[in-house]
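An overview of the molecular structure
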Amino acid sequence: MSHTAGTGTGIRRAQKQKTRQALLDAALLLLEEQSLSSLGLREVTRAVGVAPAAFYRHFRDTADLGVALVDEALGSLHETLRTTLATTGDSGERIAAAVELIADLVHGYPAHVRFIVRERHGGVRRVREAIGGQLDLFVREVADELARQPESRGWERDDLLMLAGLYVDHMVMTASAFLAVGPDREARDGELGERAAQDRTAQDRTAQDRGEYERVARTARRQLRLVALGRRHWLD
């Protein structure tokens, strides 16, 4: 009897989580074309195929849903970022790894990245605060990693936080730039592979996209090298 009841509870819990995730996924898709402040909960529930009342079993309002999307988009990246920052090698290798990380995130999760870039300064205060809180945490974590590097010997904590803030702002700016040029080289090649072999226009478009993608990556690497140069001479 108790085993049956426990099984039923587990099934209901799994179904509830499935519906919650479906609401998040639907909202993210709808937010590709609009801001969170203009999104209606009925739009979301209609896309999922549930009654509007079901929305409130998971979120208080669309702002609450937006905060959950922030957690989904950024919450799991802290360890990844720390690992990238701890990459062994010279400054150039660390810079290349950081830019590649951003490119991979945009390629793998474009809707999440677009949501963060748009809503960082959007009209929903709780979501702005949630994004700001996550980015502030990134700044502190980056500062901790920078403090471990020989180049930071003699630096004050406030200066490390300022430098870390530059890196985090640059990360968001670069993500936005990658979004603006569309799918990266692998995604475009995958979509146009067979067609490109026969269609000269598709080949030209693929080459153009590759060029734009590499231009963004190259600019990002140069900007980070400039920051690294200033870092080396900060205490002069």
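Residue positions within a chain follow its written sequence, with the count starting from 1. Local features in a predicted model are, by the rule used here, given only for residues with pLDDT of at least 70; side-chain atom pairs are given and counted only at 80 or more, and totals for whole chains, interfaces and linings are based on all residues. Side-chain measures here rest on the full set of heavy atoms in the structure, leaving out hydrogens and waters.

Some remarks on the overall build of the protein
In this description a helix means any DSSP run of H or I spanning at least four residues, a strand means any run of E spanning at least two, and both kinds are numbered starting from the N terminus. Per the secondary structure count, the protein includes 11 helices and zero strands. Counting from the amino terminus, helix and strand elements in the protein follow one another as α-α-α-α-α-α-α-α-α-α-α. The classification of residues rests on relative accessible area computed with a 1.4 Å probe and restricted to protein chains. Under 20% of the type maximum is buried, over 50% is exposed, and intermediate values are partly exposed. Here the protein holds 236 residues, and 39% of them are scored as buried. What sets the accessible areas is the Shrake-Rupley method with a 1.4 Å probe; for residues, cover comes only from the shown protein chains. Counting every atom, the protein has about 13,500 Å² of accessible surface; 53% of that belongs to carbon and sulfur.

Considerations on the packing of aromatic side chains
Stacked, tilted and edge-to-face pairs are distinguished by plane angle, under 30 degrees for stacked and over 60 for edge-to-face with tilted covering the rest, among Phe, Tyr and Trp rings (Trp via its six-membered ring) whose centres lie within 6.5 Å. Per the stated rule, a full pass over the model turns up four aromatic pairs. Pairing Trp155 with Trp234 gives two aromatic rings, centres 6.1 Å apart and planes at 35 degrees, and the pair type is tilted. One end of the pair, Trp155, is in the loop between helix 8 (125–147) and helix 9 (157–180); the other, Trp234, is in the segment after helix 11 (200–232), with 79 residues separating them in the sequence. Taking the relative accessible area as the measure of exposure, Trp155 reaches 12% and is therefore buried.

Here's the deal with helix 4 (residues 62–74)
Each α-helix turn comprises 3.6 residues. Residues three or four places apart therefore point the same way. Residue count minus one, scaled by 1.5 Å, sets the expected span of a helix. Its 13 residues place the ends of helix 4 18 Å apart at the C-alpha level, agreeing with the 18 Å of an ideal helix rising 1.5 Å per residue. For helix 4, a buried count of 10 out of 13 residues is recorded, marking the element as mostly surrounded by other parts of the structure. Regarding helix 4, the residues found buried are Thr62, Ala63, Asp64, Leu65, Gly66, Ala68, Leu69, Val70, Ala73 and Leu74. Each polar contact in these results corresponds to two N or O atoms within 3.5 Å; when the atoms are within protein, one needs to be able to donate a hydrogen and the other to accept it, and residues that are neighboring in sequence are counted only if both atoms are side-chain atoms. A side-chain oxygen of the first residue of helix 4 lies 3.2 Å from the backbone nitrogen of Ala63; this N-cap is Asp61.

Focus: the environment of Val106
Following the sequence through the fold, Val106 ends up in helix 6 (residues 91–108). Ignoring sequence-local partners within four residues, the contact set of Val106 consists of Val113, Ala175, Phe178 and Leu179. Residues are treated as being in contact if the distance between any of their heavy atoms lies within 4.5 Å.

Quick notes on the nonpolar core
Judged by nonpolar contacts, the single largest core of 60 residues is most densely connected at Leu69, Val70, Phe115 and Phe178. Per-element accounting of this core gives the leading share, 10 residues, to helix 9. Excluding its chain neighbours within four sequence positions, the residues that come into contact with Phe178 are Val99, Ile102, Ala103, Val106, Tyr213, Val216 and Ala217. What is meant by a nonpolar core is a set of buried Ala, Val, Leu, Ile, Met, Phe, Trp, Tyr and Cys residues, joined one to another through side-chain atoms within 4.5 Å.

Considering a nonpolar patch on the surface
Grouping into patches uses exposed residues only, defined as over 30% relative accessible area, and leaves out salt-bridged ones; the cut-off is 9 Å for like charges and 5 Å for nonpolar side chains (Val, Leu, Ile, Met, Phe, Trp, Tyr). Basic side-chain nitrogens of Lys or Arg form a salt bridge, by our definition, when they fall within 4 Å of a carboxyl oxygen of Asp or Glu. On the surface, a nonpolar cluster with roughly 320 Å² of combined accessible area is contributed by Met162, Trp234 and Leu235. A relative accessible area of 42% places Trp234 in the partly exposed class.

Some points on the confidence of the model for the protein
Scored from 0 to 100, pLDDT records how confident the predictor is in each individual residue. With 85% of its residues at a pLDDT of 70 or more, the protein has an overall mean of 88. Between the elements of the protein, mean pLDDT differs from a low of 47, seen in helix 10 (residues 185–198), to a high of 97, seen in helix 4. Segment residues 184–197: pLDDT under 50, and 19 contacts once partners within four positions in sequence are set aside and those in other chains are kept.

Re the pattern of salt bridges
Applying the stated criterion to the full structure yields 13 salt bridges. With a closest N to O distance of 3.7 Å, Asp64 and Arg60 form a salt bridge. With relative accessibility at 17%, the residue Asp64 sits in the buried group. Given the relative accessible area of 58%, Arg60 is considered exposed. Taken together, the salt bridges that share partners define one network made up of Arg60, Asp61, Asp64 and Arg126.

Some words on the packing of helix 4 against helix 8
Between two packed helices, the angle of one axis relative to the other and the distance separating the axes together describe the packing. Every axis corresponds to a line fitted to the C-alpha atoms, with the helix fit spanning only the stretch in contact, and the corresponding angles, defined between N-to-C directions, vary from 0 to 180 degrees. Two elements in contact, helix 4 and helix 8, have axes separated by 8 Å at closest approach and are oriented at 20 degrees. Our classification of the angle between helix 4 and helix 8 gives roughly parallel. The two elements helix 4 and helix 8 meet at a crossing, and its hand is right-handed. Seen from helix 4, the contacting residues are Ala63, Asp64, Gly66, Val67, Val70, Asp71 and Leu74; seen from helix 8, they are Arg126, Val127, Ala130, Ile131, Gln134 and Phe138. In the scheme used here, Gly and all other residues not listed as nonpolar or charged are polar, with Ala, Val, Leu, Ile, Met, Phe, Trp, Tyr, Cys and Pro taken as nonpolar and Asp, Glu, Lys and Arg as charged. Among the residues forming the contact of helix 4 with helix 8, the class breakdown is eight nonpolar, two polar and three charged. Each angle gets one of four labels, with under 35 degrees taken as roughly parallel, over 145 as roughly antiparallel, 65 to 115 as roughly perpendicular, and the rest as oblique. For a crossing to be left-handed, the near helix must be turned anticlockwise from the far one by less than a right angle; the clockwise case is right-handed.

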